[in-house]
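Here is how the chains run, residue by residue.
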Amino acid sequence: MSRVSPTHRAVPRKPDDTYLRELGYEPVLTRRMGPFGNFAISFSVISVLSGCMTLYGFGLNTGGPAVMLWGWVLVGAMVMFIGASLAEVTSAYPTSGALYYQAEQLGGRKWGWYTGWLNLLGLLGAIAGIDYGAALFTGALLNLQWGFEPTPGKIMMIYVCILALHATLNLFGVRLVSILNNISVWWHLGGVIAIVGALVIVPSHHQSVDFMFGEFVNNTGWSSPLYVAVLGLLLAQYTFCGYDASAHLSEETTDAQVSAPRGIIHSIGWSWLAGFVLLAGLTFAIQDYAGTVGTATGVPPAQIFLDALGLAGAKALLLVVIIAQLCCGNAETAAASRMVFAFSRDGALPGSHLWRQVDRRTGTPRKAVLLSVVCAALLALPSLYSPVAYAAITSINVVGITPAYALPIYLRIRNRDRFQPGPWNLGRWGVTVGTIAVIWVVFVTVLFCLPQTRPGGALVSVETFNYAPVALLVVLALAWGWWRKQGSSYEVPAQNFDRSASTYEDEVV
């Protein structure tokens, strides 16, 4: 995986801050995250105990067990192609701007601009999807414990409290974020083992292997099994998002040219394995399929726990899942805030002079953290009136961030003759791997802009409308409008341009 390109010599490993200055930025963030911490943040953001669990009910209706398990295998394989290509580009450009900086260096200012806006949409959608999922599971736990009725309004209140918690934790600095992410890795792995172990050992009844890998279920209202099957891939594709966190935290990571790309690859690989085990364990333990789909808790995995383990066991495992989801949302808030900081550092956001400020004591872009959680809160507001809004939120994450992954990869392929790889690279396989990655991204981006349900034969209604493409168009329109107004002042630094530290003197507060 780390062979040197046959046409261009790789950039040698250099001291982190020296290389960052060569890329055009004076170091202002605190570099306190080691290689394991960098892997841990992406692993925590991917979070199989968040993505798999929160969209498990969606999977039960959209293809059922067969699509969930085989889809996980397929999507995981395709995401490894994306991750490997992204890791190669990250090794060459390890900055907090990550995808947009990479696109700008390889394709020009406009490429960087639009990549950044897509990346920002995806990251904010990820915070909303993760934390709203945690609110749903918290509501289910409260329902089992005290008979709490998880209405949309009450779930929204829990959601806002979770966002406030994550904002507070991220204001203390990257050291605390790194410690929590390290704990999160072991909590996730231990949680998967505990959940699957309990579901395998305790229940007296289990589903057959034929059911797990062959049962197809369509409760969407669409008549085409193929259409339903590809829609069901959303569960896996949504879960496999957020590994760019390793790149966004690279300015706070030691030996970033190697640690960040390895963090991307290792987080995808371990999540691929852990997620398959988790999905198989949940499906193996389903006692009543219809009862699980229509559970009063609002969360099908909670019903599986309840049917298979009883009330006490269900509450214990729900708590395991909720803590993992909180760790996931905290890591995603860190990644999104670094993207806000980096994009503002280059003047690409309205009010950039506010969002690029770094707290002198903690070394954290505190206002960028606050902006990230406020935007995530706004994205989830349609959940108050739409029963399919959560799936739309997760689609926003996919249709925003997945194309942003592909753009620097596409530009690396198109400009292969002038791309200078970093010390971690794919050698002669870079173009092939990247081409497969881009084709897959185009496919899933189109797919997740399509209607997901058709109850009663109605093509679209207020309750079933997928507003993910609307959010995508709004962000692209905002990016276009802001480019017309402000694009001339947007200036991602050219490589080897040493930006003076005095540029940021008034931004460190």
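Residues numbered from 1 in each chain as written. Predicted model: local features only at pLDDT ≥ 70, side-chain atom pairs only at ≥ 80, totals over all residues. Heavy atoms only, no water.

Visitor: So what's going on with the nonpolar core? Residues and values would help.
Guide: By size, the foremost hydrophobic cluster in this structure holds 152 residues, and its most contacted members are Y159, Y243, L278 and F305. Examining the composition of this core, we find that 18 residues originate from one element, helix α7 (residues 109-146), more than from any other. What F305 contacts, discounting residues up to four positions off in sequence, is M53, I195, L199, L282, G310, A314, L317, L318 and V321. Formed by 10 residues, the second largest nonpolar core is a distinct cluster that contains M33, I41, A245 and L249. (Core = buried A, V, L, I, M, F, W, Y, C linked by side-chain atoms within 4.5 Å. Buried < 20%, exposed > 50% of the residue type's maximum accessible area, 1.4 Å probe, protein only. Helix = DSSP H or I, 4+ residues; strand = E, 2+ residues; numbered from the N terminus. Contact = heavy atoms within 4.5 Å.)

Visitor: Which residues make up the confidence of the model for the protein, and what are the values?
Guide: Looking at the protein, the pLDDT average stands at 87 and 90% of residues meet or exceed 70. Below pLDDT 50 for its whole length, residues 1-7 participates in 20 contacts with residues either more than four positions away or in separate chains. Contacts from residues 495-508, a stretch scored under 50 in pLDDT, to residues over four places away or in other chains number 30 contacts. (pLDDT = per-residue confidence, 0-100.)

Visitor: Talk me through the layout of surface pockets; I want residue IDs and the actual numbers.
Guide: One simple way to see leftover space: roll a probe sized like a water molecule over the atoms. Space inside the second largest pocket adds up to approximately 290 Å³. Lining the second largest pocket are 15 residues, and of these W117, L120, L124, C375 and L478 sit closest to its centre. Among the secondary structure elements, those contributing two or more residues to the lining of the second largest pocket are α7, α18 (366-379) and α21 (468-486). Considering only residue class, the lining of the second largest pocket consists of 14 nonpolar, 1 polar and no charged. (1 Å grid on protein atoms, 1.4 Å probe; cavity = no way out; pocket = protein on both sides within 12 Å on 5 of 7 lines; lining within 4 Å. Points joined across faces, edges and corners; volume = space filled by probe spheres on them. Nonpolar A, V, L, I, M, F, W, Y, C, P; charged D, E, K, R; others polar.)

Visitor: Before we move on, could you go through the side chain of T239 and cite the residues and values that matter?
Guide: With respect to the helices and strands, T239 occurs in helix α12 (residues 234-239). Leave out the neighbours within four places in its chain, and T239 touches I46, S47, V48, G51, C52 and W72.

Visitor: So what about the packing of helix α9 (residues 174-201) against helix α16 (residues 300-345)? Which residues, and what values?
Guide: The angle between the axes and the distance between the axes are what describe a pair of packed helices. It is at 9 Å that the axes of α9 and α16 come closest, and there the two elements cross at 155 degrees. Between α9 and α16, the interaxial angle falls into the category roughly antiparallel. By crossing handedness, the relation of α9 to α16 is classed as left-handed. (Axes fitted to C-alpha atoms, helices over the stretch in contact; angles between N-to-C directions. Parallel < 35°, antiparallel > 145°, perpendicular 65-115°, else oblique. Left-handed = near helix turned anticlockwise from the far one by under 90°.)

Visitor: Tell me about helix α20 (residues 430-447), and name the residues and values.
Guide: The end-to-end C-alpha distance of α20 is 26 Å, a good match for the 26 Å that 18 residues give at a rise of 1.5 Å each. Taken together, the buried positions of α20 are occupied by G430, V433, G434, A437, V438, W440, V441, V444, T445 and L447. (Expected span 1.5 Å × (residues − 1).)

Visitor: If you had to explain the packing of aromatic side chains to someone new, which residues and values would you point to?
Guide: Within the structure shown, the criterion is met by 18 aromatic pairs. Measuring from ring centre to ring centre gives 5.1 Å for W222 and Y227, while their planes differ by 70 degrees; the resulting arrangement is edge-to-face. According to the relative accessible area criterion, W222 is buried, its value standing at 14%. Aromatic ring contacts, followed pair by pair, group Y100, W113, W117, F343 and W483 into a single cluster. (Phe/Tyr/Trp six-rings, centres within 6.5 Å; stacked < 30°, edge-to-face > 60°.)

Visitor: Tell me what's going on with the pattern of salt bridges, and back it up with residues and numbers.
Guide: Where charged atoms from two side chains of opposite charge approach closely, those side chains can pair. Counted under the stated rule, the structure contains 8 salt bridges. Note that E88 is salt-bridged to R412, the shortest N-O span being 2.9 Å. Residue E88 is found in helix α5 (residues 64-92), and its partner R412 is found in helix α19 (residues 389-414); the two are separated by 324 residues along the sequence. Here R345 makes a salt bridge to E251, at a shortest N to O gap of 2.8 Å. Of this pair, R345 sits in helix α16 while E251 sits in the loop between α13 (245-248) and α14 (256-284), and the two are 94 residues apart along the sequence. Across the pair, E251 and R345 agree in class, each one buried. (Salt bridge = Lys/Arg side-chain N within 4 Å of Asp/Glu carboxyl O.)

Visitor: Outline the environment of I46, supporting the account with residue identities and numerical values.
Guide: Position of I46 relative to the elements: it lies in helix α2 (residues 35-46). Linking I46 and I130, residues 84 residues apart in sequence, is a C-alpha distance of 9.7 Å. If we skip the residues at most four places from it in the chain, I46 touches T239, F240, C241, Y243, S267, I268 and S271.

Visitor: Please give an account of unusual backbone geometry that cites residues and values.
Guide: A positive phi angle is found at A98, which is not glycine, with a value near 50 degrees. Residue class for A98 comes out buried when judged on its relative accessible area of 0%. One non-glycine residue, D255, adopts positive backbone phi at about 50 degrees. Within the element layout of this structure, D255 appears in the loop between α13 and α14.

Visitor: Explain empty space enclosed by the protein residue by residue, including any values.
Guide: Tallied over the entire structure, the rule returns 2 cavities of 30 Å³ or more. Of the voids in this model, the largest cavity is the one considered here, and its volume is about 60 Å³. Lining the largest cavity, in full, are V45, I46, S47, S50, G51, A126, I130, Y238, T239, C241, C328 and N397. For the lining of the largest cavity, the elements supplying multiple residues, two or more each, are α2, α3 (48-54), α7 and α12. Class assignment for the residues of the lining of the largest cavity results in 7 nonpolar, 5 polar and no charged.

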